[in-house]
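This is what each chain is made of:
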Amino acid sequence: MSLGRRGLLQGGGLAVLSAALPRFGEAQSADGSASGSPQRAADHAIRIGNGLVELAPDRIISTTTYNGQFPGPLLRFQEGRQVVVDIHNDTDTPEQLHWHGQTVPVDIDGASEEGTPFIPAHGMRRIAFTPGPAGLRFYHTHLTPGADLSGGQYGGQVGTVYIEPKNDPGRHDREVFLMLKEFQPALSRGGDMAMGFLAPAEHVKTLEEAGESAMRASLAKGMPHGFEVGYSLFSINGRMLGHGDPIRVKVGERVLFHIVNGSATEIRSLALPGHLFEVIALDGNPVPTPSKVPVLWLGTAERISAVVEMNHPGVWVMGDLADDDRTRGMGIVVEYAGKSGKPSWAKPTPFKWYYTRFGKSTSNAPAPDETLEMTFTKNNAANQGFNEWRINDVAFSMEKMEPMFHLRQGKRYRLRMRNASDDIHPVHLHRHSFELTGIAGRPTAGIIKDVVMLGGYQEVEVDFIADNPGRTLFHCHQQLHMDFGFMALFDYA
Ligand SMILES: [Cu+2]
């Protein structure tokens, strides 16, 4: 979807008048104002239901969607201006809609682990909240489907939120939103996850020895490798490469791409042959050092905003570096005015993804009030053939829902995360943003995110201010990892 600077998709084209509503559901306000007044129409209506998505003329899939479309409608909010959203659930399954990357209260956030009420099956919830922080956000379902690959974020319940900042320098001509998403998942033994693209690349020896010896012991007992998920269909904005409208550009144009990795489990890369991406924001937050790169890497739920100056005329494939995934749909055509012909792809030279290049070059982050240690371990194939994941030796229990960490309001906390597995984990903290303070032993500051990829056998440190009371969920955003133990709750004392 390609939109002008002030898109016309307010309300997703489906705004519902309150007068037409049979009832009001729950009127809940994030800022204490009287939002649920019967006179007020909802600003946006989201309808969860089953529908068909035409990825290509001969590739039509049935899945759960928002408003019968994929991706869900682009929701444009304004920073600091309260919105009322009606969420209707036309399915048989109670649902959660998570406002990823926003600093909203527990009853709005959309995670039952925190205490957000479900959107009942064949029911609705009205919520009201003040969007923020500004920038590229994300909304998606937040269930734990486990082994059911038709549930949760394996389906079509993902959409983009863009919160207009109060002040926008706007150094670009137009915006293009891209949602990267796979379909038709299947279980496999052993995955083909992208590896080796993170820098720095050094492993922590003790983590590596612990992880490798646990894996050896499991295999020696005759265990198979735990299940992974793979996909057969790939799409950008709900169309396989070659089956959607091209992005039509002119020479000299500066196009701001807002890219969301809507995958349930996969890490994505993106390149546009002959062009550079000037990364200006990560997870919606402006970076201290905008920088031009030939390749973007996004863990699940990560977002990148990057300006591309269109200065290399032709018809190009902008797509994933993985040939298998790109040829099965993970790409979109960029077509210059006056150019025609078959879109060209060229593999970029090898490039490492180095978060810290976007950080402050000198100063370090302030010292935290407290450091919370977390070690992540994999228990190979331990749970019905799936890997069980543990944080500090505890696999999260959906029955107990017990908080592991206790916060005091106003304090600055450092999470020191240590990965004793060879998988990359895109870890996510709800309702708070964090500052990257250390990546694989290198200090950094000034990069504000809500998901960060933690490399195999590496360490990452992030700081956050405990400024949004209530239960707060932390988890790996890889759906299989999250559903099989990789979650923890924080609460406020
Ligand atoms: Cu993970």
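Here's a quick rundown of the structure.

About the thresholds
- Residues numbered from 1 in each chain as written.
- Predicted model: local features only at pLDDT ≥ 70, side-chain atom pairs only at ≥ 80, totals over all residues.
- Heavy atoms only, no water.
- Donors = N, O, S within 2.8 Å, 3.2 Å for Na, K, Ca; no water.
- Helix = DSSP H or I, 4+ residues; strand = E, 2+ residues; numbered from the N terminus.
- Buried < 20%, exposed > 50% of the residue type's maximum accessible area, 1.4 Å probe, protein only.
- Pairing = 2+ DSSP bridges.
- Axes fitted to C-alpha atoms, helices over the stretch in contact; angles between N-to-C directions.
- Contact = heavy atoms within 4.5 Å.
- Core = buried A, V, L, I, M, F, W, Y, C linked by side-chain atoms within 4.5 Å.

At 2.0 to 2.1 Å from the copper ion lie its protein donor atoms, namely H425 (ND1), C476 (SG) and H481 (ND1). One chain supplies every donor to the copper ion, and in sequence these donors are spaced H-x50-C-x4-H. Of the two residues, H425 sits in strand β26 (residues 425–429) while C476 sits in strand β32 (residues 472–476), which places them 51 residues apart along the sequence. You can call H425 buried: its relative accessible area is 0%. For C476, a relative accessible area of 0% puts it in the buried group.

A sheet is described by the order of its strands in space; here five strands give the open sequence β24-β33-β32-β26-β30, paired in mixed fashion. Strands with a single pairing partner mark the edges of an open sheet, and in this sheet they are β24 (403–407) and β30 (451–454). Strand-to-strand, the axes of this sheet are offset by a mean angle of 25 degrees, without reference to chain direction. Relative to β32, β26 runs antiparallel, the two sharing three bridges. By the bridge assignment for β32, L429 is matched with F474.

Before going further, it helps to spend a moment on the side chain of D491. In this fold, D491 is placed in strand β33 (residues 487–492). D491 has contacts with P403, F405, H406, L407, G470 and R471, leaving out every residue within four places of it along the chain.

Our focus in this paragraph is the nonpolar core. Core analysis: the biggest nonpolar cluster contains 80 residues, and W353, M417 and F474 have the highest contact counts within it. Ranked by the residues each element gives to this core, the list is headed by strand β12 (residues 227–236), at five residues. In this structure, I48, I119, F129 and I163 belong to the second largest nonpolar core, which totals 19 residues.

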